[in-house]
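Remarks on the overall topology
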Amino acid sequence: MSLATEVLLVSGVALDLVGAAVLSHAHNAESIVELREEIGDEGSAVGEPDAISTHAQLLAEKRIGFLLLTVGLLLYLAGLVVKSPEHVGMMAAIGAGVVALGIVVSVTFTRIAGRRIHEQAREASRRQDPDALPEQ
């Protein structure tokens with residue numbers, strides 16, 4: 001069981017690193033696109049022919065990056081639960097409870113912040129004031 005635990009931990013960290021690298025690349029390329037759009041260039045990057053293809057490529061990279069981060073962290077968490085000197089069932093329940101609590105907090109925060117941003121965007125649109133739009 002020790003080898004399985006170590007494999008889970010190492011695999012989890014490795015996937016996290018890959019996911020983080022993919023997300024980092026997508027974020028950097030997205031920033032390049034935004035800069036090019038600001039100076040009036042085409043808005044393409046990462047070897048794509050146009051802005052739409054670039055955005056599609058970046059979205060795909062972000063999705064796989066987040067998937068790899070999620071799977072990596074799941075493996076890492078499973079490795080920690082199995083490796084713990086405490087009872088596996090208790091540690092699994094604690095891990096699952098913390099994940100569930102995190103999801104609830106994230107959904108709540110996203111809805112509250114989303115409503116606030118939508119209200120600010122509607123107000124900026126009504127006043128035709130782009131400076132009143134919320135920051136990204």
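Residues numbered from 1 in each chain as written. Predicted model: local features only at pLDDT ≥ 70, side-chain atom pairs only at ≥ 80, totals over all residues. Heavy atoms only, no water.

Details of the overall build of the chain
Going by this rule: Comment: elements are numbered from the N terminus, with helices defined as DSSP H or I runs of at least four residues and strands as E runs of at least two. For each residue, the accessible area found with a 1.4 Å probe, counting protein chains only, is set against the maximum for its type, and the residue is called buried under 20%, exposed over 50%, and partly exposed in between. Should any heavy atoms of two residues lie within 4.5 Å, those residues are considered in contact. Where accessible areas are quoted, they stem from the Shrake-Rupley method and a 1.4 Å probe; at the residue level, only the protein chains shown are allowed to cover.
Tallying secondary structure elements over the chain gives three helices and zero strands in all. Each helix and strand of the chain, ordered N terminal to C terminal, gives the series α-α-α. Expressed as a percentage of its 136 residues, the buried residues of the chain come to 19%. Contacts in the chain between residues at least 24 apart in sequence constitute 54% of all its contacts with a sequence separation of at least 6. Of the roughly 9700 Å² of accessible surface on the chain, 66% is carried by carbon and sulfur atoms.

Some remarks on helix 2 (residues 51-83)
Structural remark: α-helix, 3.6 residues per turn; residues separated by three or four positions point the same way. Inclusion rule: Between the first and last residue of a helix there are one fewer steps than residues, each counted as 1.5 Å, and that sum is the expected span.
For helix 2, spanning 33 residues, the distance from its first C-alpha to its last is 47 Å, which sits close to the expected 48 Å at 1.5 Å a residue. Residues Ala-51, Thr-54, Leu-58, Glu-61, Gly-65, Leu-68, Leu-69, Gly-72, Gly-79 and Val-81 constitute the buried set of helix 2.

Comments concerning the pattern of salt bridges
We count it as follows: Only one rule defines a salt bridge in this text: a Lys or Arg side-chain nitrogen within 4 Å of an Asp or Glu carboxyl oxygen.
Applying the stated rule across the entire model yields two salt bridges. With a closest N to O distance of 2.4 Å, Glu-123 and Arg-126 form a salt bridge. Of this pair, Glu-123 and Arg-126 are both found in helix 3 (residues 88-127), three residues apart, which corresponds to roughly one turn of the helix. Look at Glu-123 and you get partly exposed, because its relative accessible area is 30%. Among the salt bridges present, the one from Arg-127 reaches Glu-123, with a minimum N-O distance of 3.3 Å. Taken together, the positions of Arg-127 and Glu-123, both in helix 3 and four residues apart, correspond to about one turn of that helix. On the basis of relative accessible area, Arg-127 is assigned to the partly exposed category, the value being 46%.

Quick look at the confidence of the model for the chain
Detailed reading of the predicted coordinates is not advisable wherever pLDDT falls low. Cut-off, in case you're wondering: The predictor reports its confidence for every residue as pLDDT, a score running from 0 up to 100.
Overall, the predicted model of the chain reaches an average pLDDT of 78, with 84% of residues at or above 70. Of all helices and strands in the chain, the one with the weakest mean pLDDT is helix 1 (residues 2-38) (76), whereas helix 3 scores best (85).

Points about a nonpolar patch on the surface
Our working rule: Exposure above 30% relative accessible area and the absence of a salt bridge qualify a residue for a patch, where like charges join within 9 Å and nonpolar side chains (Val, Leu, Ile, Met, Phe, Trp, Tyr) within 5 Å.
A grouping of Val-13, Leu-17, Tyr-76 and Leu-80 is seen on the molecular surface, where their side chains present a nonpolar patch of about 350 Å² in accessible area. Of all the secondary structure elements, the ones that give two or more residues to the nonpolar patch are helix 1 and helix 2. Relative to the assigned elements, Val-13 resides in helix 1.

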